[in-house]
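Single-letter residue listing:
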Amino acid sequence: MWILGRLRLSRQQRTTAGFKRRYTDRDIRLLAEMDERHDTPCGHAIKKLCERAYQVFGQSDYETLVGISVSHLYNLRQSKAYQR
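Calculation criteria
- Residues numbered from 1 in each chain as written.
- Predicted model: local features only at pLDDT ≥ 70, side-chain atom pairs only at ≥ 80, totals over all residues.
- Heavy atoms only, no water.
- Helix = DSSP H or I, 4+ residues; strand = E, 2+ residues; numbered from the N terminus.
- Contact = heavy atoms within 4.5 Å.
- Areas by Shrake-Rupley, 256 points an atom, 1.4 Å probe, with all protein chains shown as cover.
- Lys, Arg positive; Asp, Glu negative; His and termini not counted.
- Charge placed at Lys NZ, Arg CZ, Asp CG, Glu CD.
- Buried < 20%, exposed > 50% of the residue type's maximum accessible area, 1.4 Å probe, protein only.

The helix and strand tally for the protein chain stands at four helices and two strands. Reading the protein chain from its N end, one meets helices and strands in the order β-β-α-α-α-α. Dimensions of the protein chain, computed from C-alpha atoms along their principal axes, come out at roughly 70 × 25 × 20 Å. When contacts within the protein chain are restricted to residue pairs at least 6 apart in sequence, those whose partners lie at least 24 apart make up 56%. Here the protein chain has roughly 7,000 Å² of accessible surface; of this, 49% comes from carbon and sulfur atoms. Charge centroids of the protein chain, computed over 16 positive and 9 negative side chains, lie 16 Å from each other.

Our focus in this paragraph is the side chain of Arg77. Inspection of the secondary structure assignment puts Arg77 in helix α3 (residues 70-77). When its relative accessible area of 12% is taken as the criterion, Arg77 is described as buried. Those residues in contact with Arg77 that lie beyond four places of it in its chain are Asp35, Thr40, Pro41, Cys42, Gly43, Ile46, Tyr82 and Gln83.

Once that is clear, we can look at the environment of Leu76. Summarising the element assignment, Leu76 is placed in helix α3. Overall, Leu76 belongs to the buried group, its relative accessible area being 9%. A C-alpha to C-alpha distance of 6.8 Å links Leu76 and Ile28, two positions 48 residues apart in sequence. For Leu76, the residues in contact, after removing those within four places along its chain, are Tyr23, Ile28, Leu31, Ile68 and Tyr82.

This is the structure:
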């Protein structure tokens, strides 16, 4: 705390929530189920399977996973939610 004349200044810690999660645990679970069904293919193949599930077969659960990048797909595979 600093005192300047009659004015008191004090530092207050602010914490922010950080970034909003784009992929929920439900999305990660869907990814894990798709991987299990297809014996964990490469990332590009699983991305195309998610796109196909949404666009061709109309499975709205895969809507969020349609826009995932292949590199982020590999990141999600390393998450605790995926490994459970």
